[in-house]
Amino acid sequence: MNSPALPAEALLVVDVQSAFVSGDGAVPDAARLVDRTTDLIARARESGALVVHVQNDGAAGADDEAHTPGWELHHPVEAGPTEVVVRKARDDGFDGTPLGGLLTGFGVRALVVCGVMSEMCVAATARTALARGYRVVVPHDAHATQDVPAIPGLGDRVPAATVSRVAEWSLGNRVEIAARAADVTFASPARAS
């Protein structure tokens, strides 16, 4: 793990939705995740960085099915020129959404990715950002997932914390893993759209 040396111009808050941070379906230690993402959002807003709330439109019957209570974003959105919601239907926040154009329009070169689930939507979004040439920072304490359940004859339960760490590792050596969300800094993007 390393501490990011340069500020990021955008914060992507991936799928921090009611179904994943409250009630029976909440990720383990959801309170920590909410605390860290709240802090990141506040500091990004204060610096003038672009804040993007990525919201998953789950399939019919899913905990995050669109327009159900579980689908609602946990953090209040201060909609405006530098804070937006991008809805998605697949793991990758770039896939079939305006996210890429939004980041380009703001002149973003470096971004922070946080949220849920570590090995799915967070990793998929970070991986595409890396492939598109962005500097990507993932704060270790600002993403989370569920335990992987045991399967008889195949393997034991894998704790969520281990799954999250493996997700970070899977992103390769170009991603910057910040030990703490508090170590991440933000700056205003180069230009507004």
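Residues numbered from 1 in each chain as written. Predicted model: local features only at pLDDT ≥ 70, side-chain atom pairs only at ≥ 80, totals over all residues. Heavy atoms only, no water.

A. The arrangement of the state of the cysteines in detail. Following the criterion strictly, the structure yields zero disulfides and no others. Counting only cysteine sulfurs, Cys-121 is the nearest neighbor of Cys-114, a cysteine outside any disulfide, at a range of 13 Å. (Disulfide = S-S within 2.5 Å.)

B. Spatial organisation of the side chain of Asp-64. Within the element layout of this structure, Asp-64 appears in the loop between strand E2 (50-56) and strand E3 (83-88). Here Asp-64 is buried and forms no salt bridge, its nearest opposite-charge partner Lys-88 lying at an N-O distance of 6.5 Å. Setting aside anything within four residues of it in sequence, one finds Asp-64 in contact with Gln-17, Ala-19, Phe-20, Asn-56, Asp-57, Gly-58, Gly-70 and Trp-71. (Helix = DSSP H or I, 4+ residues; strand = E, 2+ residues; numbered from the N terminus. Buried < 20%, exposed > 50% of the residue type's maximum accessible area, 1.4 Å probe, protein only. Lys, Arg positive; Asp, Glu negative; His and termini not counted. Salt bridge = Lys/Arg side-chain N within 4 Å of Asp/Glu carboxyl O. Contact = heavy atoms within 4.5 Å.)

C. Molecular detail of helix H5 (residues 160-170). Ala-160, Val-163, Ser-164, Ala-167 and Glu-168 are the residues of H5 that are buried. For H5, the angular spread of buried residues about the axis comes to 140°, placing them on one side. Facing away from the buried side of H5 by more than 90 degrees, the exposed set consists of Ala-161 and Trp-169. (Arc of directions from axis to C-beta.)

D. The arrangement of the environment of Ala-8 in detail. Positionally, Ala-8 belongs in the segment before strand E1 (10-14). Residues Ala-8 and Leu-111, 103 residues apart in the sequence, show an inter-C-alpha distance of 5.0 Å. Once you skip the residues sitting within four places of it in the chain, Ala-8 turns out to touch Ala-49, Ala-110, Leu-111, Val-112, Thr-185, Phe-186 and Ala-187.

E. How the structure looks around the pattern of salt bridges. Overall, the coordinates contain 14 salt bridges when judged by the stated rule. A salt bridge links Asp-141 to Arg-36; its shortest N-O distance comes to 3.0 Å. With Asp-141 in the loop between strand E5 (135-139) and strand E6 (143-144) and Arg-36 in helix H2 (residues 30-47), this pair connects stretches of sequence that are 105 residues apart. Measuring nitrogen to oxygen at the nearest pair gives 2.8 Å for the salt bridge that ties Arg-165 to Glu-168. Of this pair, Arg-165 and Glu-168 are both found in helix H5, three residues apart, which corresponds to roughly one turn of the helix. Assessed through its relative accessible area of 2%, Glu-168 is described here as buried.

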